[in-house]
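# Examining the three-dimensional arrangement
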Amino acid sequence: MKILPGPASKELGEKIAQLLGVQTVPVFFKNFPDGESYVRLEGTVEGETTVIVQTTSPPQDTRLIQLALIADAAKRNNAVKVVAAVPYLAYARQDKVFLKGEPISIEAVARMLKAAGVDSLITVNVHQQNILAKFPFQAKSISAIPLLAEHFRQRGFKEAFALAPDKGAISIAEEAAKVLGGDFGYLEKHRDRYTGRVTVEKREFAVKGRAVIIFDDIISTGGTIVAAANLLHELGAAKVYAACVHPLLVGEAERRIREAGVAEIVGTDSVPSPVSKVSLAPLIAQALRELQSG
Ligand code: R5P
């Protein structure tokens, strides 16, 4: 097995290779003056299972194209199997036609990757697990929630309340609560499809005077965390924290979240950022070991 750390996940790719004790093949990349992407493998992958580690957080389109180009290069250089390890899988949230005339973006992306040479894919906390069954290759999503919860547990957050900011994330809160040893709950969230404004329904939780950690897969604009944090403060929570797998933190998200009284944001290196305090390397390395052993 050889690891190709893509331009978007160089550090993570190198950490994974180190944990697995396998070689990396550096990927040279640049942009042409007109903005097109260029990549070149600086080593051989012939006869090897080749793992491209490349997240597809913003700029998503560039990173997806780089991933496709690296897969094509690997196949042309006689890799036996091309595995894409894509911690944050862009376009996964457009997994159905919500409004007439829309595409199912994630299915189009998966077909594009297949055409480029990807034979299988590993991702982390994909937005909806069931979309993977529609991919034209084997695809698996692994959960980083236990790692995030463990990070808090080791810092003394045993029995903190774990909150999912919407019903779809309830399994995330449950997973976190198993590690923290406390209880969990979820909110009913509504997002206006046209304005993007997030509101949550008022619900009662036994959080008065307690530390609460909001667990979510993604923090994008921060609207979800802000709405959840406001409610938690209203309910008397002593301190509110936010944990997420993919800290996209678009625009002013981080500032908005802090201004809503959230004490700390903890994310993973799925999306390298100042809040990426937990590394996915051990999780992805383990998934690759399992893949190798069939
Ligand atoms: C949506 O269902 C996801 O689980 C996240 O809650 C959402 O993507 C967060 O977006 P934002 O930070 O923009 O509210």
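Quick caveat, the model's predicted, so the values are computed rather than measured.

What counts, and where the lines are drawn
- Residues numbered from 1 in each chain as written.
- Predicted model: local features only at pLDDT ≥ 70, side-chain atom pairs only at ≥ 80, totals over all residues.
- Heavy atoms only, no water.
- Phe/Tyr/Trp six-rings, centres within 6.5 Å; stacked < 30°, edge-to-face > 60°.
- Buried < 20%, exposed > 50% of the residue type's maximum accessible area, 1.4 Å probe, protein only.
- Lys NZ or Arg CZ within 6 Å of the ring centre and 35° of its normal.
- Pairing = 2+ DSSP bridges.
- Helix = DSSP H or I, 4+ residues; strand = E, 2+ residues; numbered from the N terminus.
- Axes fitted to C-alpha atoms, helices over the stretch in contact; angles between N-to-C directions.
- Domains from an automatic or database assignment.
- Contact = heavy atoms within 4.5 Å.
- Buried area = accessible area lost by both parts, 1.4 Å probe.
- Salt bridge = Lys/Arg side-chain N within 4 Å of Asp/Glu carboxyl O.

The next subject is the packing of aromatic side chains. Throughout the structure, instances matching the rule amount to 8 aromatic pairs. When the centroid spacing of 5.7 Å and the interplanar angle of 80° are considered together, the rings of F32 and Y38 count as edge-to-face. According to the relative accessible area criterion, F32 is partly exposed, its value standing at 33%. Centroid distance F135 to F137: 5.8 Å. Interplanar angle 80°. Geometry classified as edge-to-face. The exposure class of F135 is buried, given its relative accessible area of 8%. Following the ring pairs from residue to residue traces out a cluster consisting of F152, F157, F215 and Y241. The ring centre of Y38 lies 5.2 Å from the NZ or CZ of K30, which sits over that ring. The ring of Y186 has R203 sitting right over it, with the charged end atom 4.5 Å from the ring centre.

Spatially, β10-β9-β13-β14-β15-β16 is the arrangement adopted by the 6 strands of the open sheet, whose pairing is parallel. Of all the strands in the sheet, the pair left with one neighbour each is β10 (184-186) and β16 (276-278). In this sheet, adjacent strand axes meet at a mean angle of 35° when their direction is disregarded. The sheet contact formed by strand β9 (residues 161-164) and strand β13 (residues 211-219) spans 3 bridges and is parallel. Paired with F161 across the bridge in β13 is V212.

Our next topic: the domain arrangement of the chain. Domain annotation for the chain reports domain 1 (2-143 + 279-293) and domain 2 (145-269). A C-alpha centroid distance of 28 Å is found between domain 1 and domain 2. Taken together, the contact pairs 16 residues of domain 1 with 14 residues of domain 2. Between domain 1 and domain 2 lies a buried interface of about 1,400 Å² when both sides are counted; carbon and sulfur atoms form 61% of it. On the domain 1 side of the contact with domain 2, Y88, N125 and S143 bury the most area, a combined 34% of that side's loss. There are 1 salt bridge connecting domain 1 and domain 2. As a salt-bridge pair, D269 and K15 come within 4.0 Å of each other at their nearest N and O atoms.

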